[in-house]
Amino acid sequence: MCALCGVLGGKDHWTEPLQREGVYVRHADPAGRRRERARRIAEANVILGQFGLTLSDWQSDSYVLATRTGKTEVVADLAALWPAAEKLAGRGLDPLDPAVLARREQANG
Amino acid sequence: MVEAPAFTPVNLITGFLGSGKTTLLNRMRASPRLADTAVLINEFGEIGLDHELIERIDENTVLLQSGCLCCTIRGELADAVKTLHSRRERGEIPIYRRILIESTGLADPLPILTTIAAEPTLRHHYRLGLVVATIDAVNGMSQLDRQPESRKQAAVADRLILTKTDIAAPAEVERLRARLSRLNPSAPLSYAVDRDLDPSALIGNDLFDLDAKSREVAHWFDEAFAEAADHDHAHHRHDPNRHGDDIRAFAFAFDAPIDWTAFGLWLSMLLNRHGERILRVKGLLSVEGEEAPVAVHAVQQLVHAPTHLPRWPSADRRTRLVFIARGLDEAVVRRSFAAFVLDRSATSGRH
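Every value quoted in this text rests on a predicted model; they were computed, and no experiment measured them.

## Section: the overall build of chain A
Per the secondary structure count, chain A includes 3 helices and 3 strands. Shown N-terminal to C-terminal, the secondary structure of chain A runs as helices and strands in the order α-β-β-β-α-α. Per-residue burial for chain A yields a buried fraction of 26% across its 109 residues. Long-range pairs, those at least 24 residues apart, make up 32% of the contacts in chain A with a sequence separation of at least 6.

So this is what it looks like as structure tokens:
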């Protein structure tokens, strides 16, 4: 993934971008950003649960991804999350996979 | 005194060999409105044909010595832009307000765009501008047939320029125009021979131009939805003249405002797994809790910083998404968006 997965560093993923003119930031204030971060983790865990993974906060700076057997990996943002999750899960995390979709739809009711 | 922008836009001219990139570049350079433009030219191998055909190379020009198509260009491109930046900062060259890169004919535009968006130094001073693709009306159809790079260049472009239409058969021009409209319906298409074509307008009016971005975004969807309707119609008629392009565009719209967090997770997950096949995503989103729309714009896995538009471009306030993708099932993408973003009763912690 080279530059796209954060190897080049810098915390400016499009889902939580740095504030600058014209750029959409969901919450500009620190408290709002913390709430947004907590929601992102909760939402991600609904997806990751299908694959036996959990995500938690790491000092409001990064995230910790863990398997049920205790293997963990620290990830910086969503770009780094999915490749790391695929590695830990040992399979692709595909939102177009019919089986993944069916389970999500069933959970949605 | 002219000031440098906080984020200098970097624009790209791409197009197949002999498709008229340099001619277009020279027209742009002749435009007084683009006088404050630094130009980067990618020499191809040792021949440097593109260089020889440039009429005027001033001190703002840096020649990239490598014709390499992928990662190695990144380092040279980053170094070239950083050199320009440093010279501008020191006052050694006139202040430029945009950069224009002419890529080699064989180049995949993505590594160039990635360099600007992701390189640690550049991303704080530069932003992506627009991608302009030239397509030769005489040879364009066969290049699109045979060369995947040609299809990719046309698919990722923000502006399409048909060249040599004055020497091509009118029917051939029309077939090519129709094919390009299907391949990339959201990019405005112009003819290079059009005397009224304003070269400066090609790289103005981008998404970060606060005055123009609503118009720009509105155009994405007007053409994409018209083309999608046309495609469905033609599909049912089994139109024999249609090319079986592996790349095609599809668009869909949803009434309900969406959850930004869920959308971010879904799109990043989708691009991680299918980014190679998704050449472009453009979205105008009605986000829960926001009056004005949010525009998102991705080239493969590279997602531009989302922009908050000042207002809706029309009375239509639906969330709209356009995909330009290779071999992706539209119905499955739509179903996935619904399952992960729209219908999220599986999710706890809604606000």
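Continuing now.
## Observations concerning the packing of helix α1 (residues 30-49) of chain A against helix α10 (residues 260-274) of chain B
Contact geometry of α1(A) with α10(B) gives a least axis separation of 9 Å together with a crossing angle of 50°. Taken as axis vectors, α1(A) and α10(B) run oblique relative to one another. Where α1(A) crosses over α10(B), the handedness of that crossing is right-handed. In contact with Glu36(A), Arg39(A), Arg40(A), Glu43(A), Ala44(A) and Ile47(A) of α1(A), α10(B) contributes Thr261(B), Ala262(B) and Leu265(B).

## Describing the pairing of strand β9 (residues 278-285) of chain B
All names here are of chain B. Of all the 8 residues making up β9, 8 are buried; the element is thus mostly covered by neighbouring parts of the structure. One ladder, built from 6 bridges, connects β9 with strand β13 (residues 319-326); its direction is antiparallel. Directly across from Val281, in β13, lies its bridge partner Phe323. Pairing of β9 with strand β10 (residues 294-299), which is carried by 6 bridges, proceeds in the antiparallel orientation. Of the residues in β10, the one forming a bridge with Leu284 is Ala295.

## Quick notes on the interface of chain B and chain A
At the junction of the two partners, chain B supplies 42 residues and chain A supplies 36 residues. Elements represented by at least two residues in the side of chain B that touches chain A include exactly α4 (109-118), α10, β11 (302-303), β12 (307-308) and α11 (330-342) of chain B.

## Examining the sheet that holds strand β3 (residues 72-75) of chain A
Residue and element names in this part refer to chain A. Reading across the sheet, the 3 strands line up as β1-β2-β3 and stay open at both edges, with antiparallel pairing between neighbours. Two strands in the sheet have a free side with no partner beyond their single neighbour: β1 (53-58) and β3. Averaged over neighbouring strand pairs, the angle between their axes works out to 25° when direction is ignored. As defined by bridge partners, strand β2 (residues 62-67) adjoins β3 across 4 bridges and the pair is classed as antiparallel. Paired with Val64 across the strands is Val74, a residue of β3. Running at roughly 15° to β2, helix α2 (residues 78-89) makes contact with β1, β2 and β3 of the sheet.

## Here's the deal with the environment of Pro95(A)
Mapping Pro95(A) onto the fold places it in the loop between α2 and α3 (98-108). Sequence separation between Pro95(A) and Ser60(A) is 35 residues; the distance between their C-alpha atoms is 27 Å. Excluding residues within four positions of it along the chain, Pro95(A) makes contact with Val100(A), Trp266(B), Met269(B), Leu270(B), Ser336(B) and Phe340(B).

How each quantity is defined
- Residues numbered from 1 in each chain as written.
- Chains lettered and ligands numbered in written order.
- Predicted model: local features only at pLDDT ≥ 70, side-chain atom pairs only at ≥ 80, totals over all residues.
- Helix = DSSP H or I, 4+ residues; strand = E, 2+ residues; numbered from the N terminus.
- Buried ≥ 20, exposed ≤ 12 C-beta atoms within 10 Å, placed from the backbone.
- Contact = placed C-beta atoms within 7 Å.
- Axes fitted to C-alpha atoms, helices over the stretch in contact; angles between N-to-C directions.
- Parallel < 35°, antiparallel > 145°, perpendicular 65-115°, else oblique.
- Left-handed = near helix turned anticlockwise from the far one by under 90°.
- Pairing = 2+ DSSP bridges.

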